[in-house]
Every structure is written in structure tokens, then in C-alpha cells.
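Structural overview
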Amino acid sequence: MNLSIIIPLLNEEESLQELHNWIVSVMKSNNYSYEVIFIDDGSTDKSWDIIEQLSSENPNIKGIRFLRNYGKSQALHAGFAKAQGDVIITMDADLQDSPDEILAMEKLLLDGEFDLISGWKKERHDPLSKTIPTKLYNWMTRRVSGIYLNDFNCGLKCYKHDVVKAIEVQGEMHRYIPLLAKSAGFD
Ligand code: UDP
Ligand code: MG
């Protein structure tokens, strides 16, 4: 299998169908063999019903359901454990990350000497109060880690299979997966 796309979500009923359709069209036009693993992190809306519906219509769609909210890191971890693809993509469910970027990220990962590619939210529509602390946070994380990433918080990332299977993600650590990958010996 070429790709596993891992999508953690909490109460995202409004975007799941559209996200699914968008991913499927990208997968079909590039002839990928793939799976999408939705991890429902304790949603209280109709998210899980939608995931069940999608997976009954499309065998590439899989779901994991948490009965309460454990946080994005735990959701990613559950997805990583289940993933079977040669390349593993993580993305947010709220349509902030574009499936159109998957092809370029996968190509960069496989053609280059990289174990991990991280997306970068170029356009931000958030209020300034959110943008400035994020910039400061990214700058500090870069200073501490020595890894150059523009946006540690971007949900869109692309990993080689072995990297994902070697790292543990807990608590708020999803923000630092590049650091975890580094300490596991992938850099
Ligand atoms: N999410 C999750 N569990 C949580 C909080 C968020 O699985 O406890 C999901 C959320 O549905 C989305 C992704 O994690 O798919 C990123 O969350 P959010 O959009 O709130 O983060 P931001 O865009 O502010 O980084
Ligand atoms: Mg978001």
C-alpha cells in the first residue's frame, strides 16, 4: 500500500464528507493504493456516524473511535499503530490542510534524503493574538531543537513507515514529533 492518511478529529461533522471526497479525488487521479484512518477522539456530534457511513461505501476508509477525548497525540498514536502504508501522512480534519499537497510531499520524501516532511501553513486567517505567540513558539522550538521547520504546529506531515513505527507520541508531544523522530535516530 502506498499511503496511509491519518486524520485525528474531534467534532468535525461539517468537514468530514468534503475532506473524504477531496482525498479520494487526489488518490484516484494519482492511482494511489491507500487507506484513510479517521481517529474519532471522543466526538459528541455526528462525526462517528459519518465515518461509519463513509467506510461502508469505501473500503479504503477505516475508523478508530475513542469513547472519550484523549487529545490529538493519542489519536495520532492510535493511527500510527494501525497504519500499513509505505508513506504515512497526517492531516487535520478541519480542511485547514490541503490533500492537493500530498503528492509533492510524498515525492520530496521519497526522492530526497528525508525521513519526514512537514507542511507549513502559509496563509493564516487567525487573529493576531494567535499568530504572534505561534511565531515566537516556532522560533523558540527551532532554537532549542536545531531543526528548521517554519511551523511545528502544522497538522500536515509526511513520514516514512519505519519512522512512524519507531516513535511514541504522548500528551502534547504531537507538536514535537520532528524532535521525537530525531531522538529516535532519524535525521
Ligand atoms: N483534535 C483532536 N483531539 C482534540 C483536539 C483536536 O483530534 O482534543 C483534532 C481536530 O479535530 C483537528 C486537529 O486535531 O482535526 C487539529 O485541531 P485544531 O484544528 O483544533 O488545531 P489547530 O488548527 O488550532 O492547530
Ligand atoms: Mg485547525
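Throughout what follows, the structure given in this document is the object of discussion. Since this is a predicted model, take the numbers as computed values, not measurements.

The subject of this paragraph is the overall build of the protein. When its secondary structure is counted, the protein shows seven helices and six strands. In sequence order, the secondary structure elements of the protein are arranged as β-α-β-α-β-α-β-α-β-α-β-α-α. Considering the protein as a whole, with its 187 residues, one finds that 48% of them fall into the buried category. As presented, the protein carries roughly 9,800 Å² of accessible surface, and 51% of it is formed by carbon and sulfur atoms.

In this section: the side chain of His-20. Inspection of the secondary structure assignment puts His-20 in helix α1 (residues 16-29). Given a relative accessible area of 9%, His-20 falls into the buried group.

Another point: the site of ligand 1. Around ligand 1 sit 14 residues, and of these Pro-8, Glu-12, Asp-41, Asp-94 and Gln-96 come closest. Residue Asn-69 places a side-chain N or O atom 3.0 Å away from an oxygen atom belonging to ligand 1. Computed on the free molecule, ligand 1 has an accessible area of 520 Å², of which 75% lies beneath the protein chains in the complex. Among the residues making up the shell around ligand 1, the classes are represented as four nonpolar, three polar and seven charged.

This paragraph deals with the packing of α1 against helix α2 (residues 47-57). Running from N to C, α1 and α2 point in directions that differ by 30°, and their axes come no closer than 10 Å. As far as their axial angle goes, α2 and α1 are roughly parallel. The way α1 lies across α2 gives a crossing that is right-handed. Counted together, Leu-16, Gln-17 and His-20 of α1 and Ser-47, Ile-50, Ile-51 and Leu-54 of α2 form the full contact between these two elements. Broken down by class, the residue content of the contact of α1 with α2 amounts to four nonpolar, three polar and no charged.

Scanning the model with the defined rule gives three salt bridges in all. Across the salt bridge formed by Lys-72 and Asp-92, the nearest N and O atoms sit 3.0 Å from each other. Residue Lys-72 is found in helix α3 (residues 72-82), and its partner Asp-92 is found in the loop between β4 (87-90) and α4 (102-111); the two are separated by 20 residues along the sequence. For Lys-72, a relative accessible area of 26% puts it in the partly exposed group. The buried category is assigned to Asp-92, whose relative accessible area is 11%.

On to the nonpolar core, then. Grouped together as the largest cluster of nonpolar side chains are 30 residues, with contacts concentrated most on Ile-5, Ile-7, Met-27 and Phe-38. Listed by contribution, the elements that provide at least two residues to this core are β1 (3-9), α1, β2 (34-41), α2, β4 and α4. If one sorts the elements of this core by residue count, α1 sits on top with six residues. Grouped together as the second largest cluster of nonpolar side chains are 19 residues, Ile-6, Ala-78, Ala-83 and Ile-88 included.

Across all of its chains, the model carries two aromatic pairs by this definition. Geometrically, the ring pair formed by Phe-66 and Tyr-70 is edge-to-face, given 5.3 Å between the ring centres and 80° between the ring planes. Under the relative-accessibility criterion, Phe-66 is labelled buried at 15%. Look at Tyr-70 and you get partly exposed, because its relative accessible area is 44%. Where Phe-80 meets Tyr-159, the ring centres are 5.6 Å apart and the plane angle is 75°; that geometry is what we call edge-to-face. Separated by 79 residues along the polypeptide, Phe-80 in helix α3 and Tyr-159 in strand β6 (residues 157-160) bring together distant segments of the chain. Summarising the burial analysis for this pair, Phe-80 and Tyr-159 share the class buried. Above the face of the Tyr-70 ring, Arg-68 is positioned so that its terminal group lies 3.9 Å from the ring centre.

So, how was this worked out
- Residues numbered from 1 in each chain as written.
- Chains lettered and ligands numbered in written order.
- Predicted model: local features only at pLDDT ≥ 70, side-chain atom pairs only at ≥ 80, totals over all residues.
- Heavy atoms only, no water.
- Helix = DSSP H or I, 4+ residues; strand = E, 2+ residues; numbered from the N terminus.
- Buried < 20%, exposed > 50% of the residue type's maximum accessible area, 1.4 Å probe, protein only.
- Areas by Shrake-Rupley, 256 points an atom, 1.4 Å probe, with all protein chains shown as cover.
- Near = heavy atom within 4 Å.
- Polar contact = N/O pair within 3.5 Å; in protein donor to acceptor, adjacent residues only side chain to side chain.
- Nonpolar A, V, L, I, M, F, W, Y, C, P; charged D, E, K, R; others polar.
- Axes fitted to C-alpha atoms, helices over the stretch in contact; angles between N-to-C directions.
- Parallel < 35°, antiparallel > 145°, perpendicular 65-115°, else oblique.
- Left-handed = near helix turned anticlockwise from the far one by under 90°.
- Contact = heavy atoms within 4.5 Å.
- Salt bridge = Lys/Arg side-chain N within 4 Å of Asp/Glu carboxyl O.
- Core = buried A, V, L, I, M, F, W, Y, C linked by side-chain atoms within 4.5 Å.
- Phe/Tyr/Trp six-rings, centres within 6.5 Å; stacked < 30°, edge-to-face > 60°.
- Lys NZ or Arg CZ within 6 Å of the ring centre and 35° of its normal.

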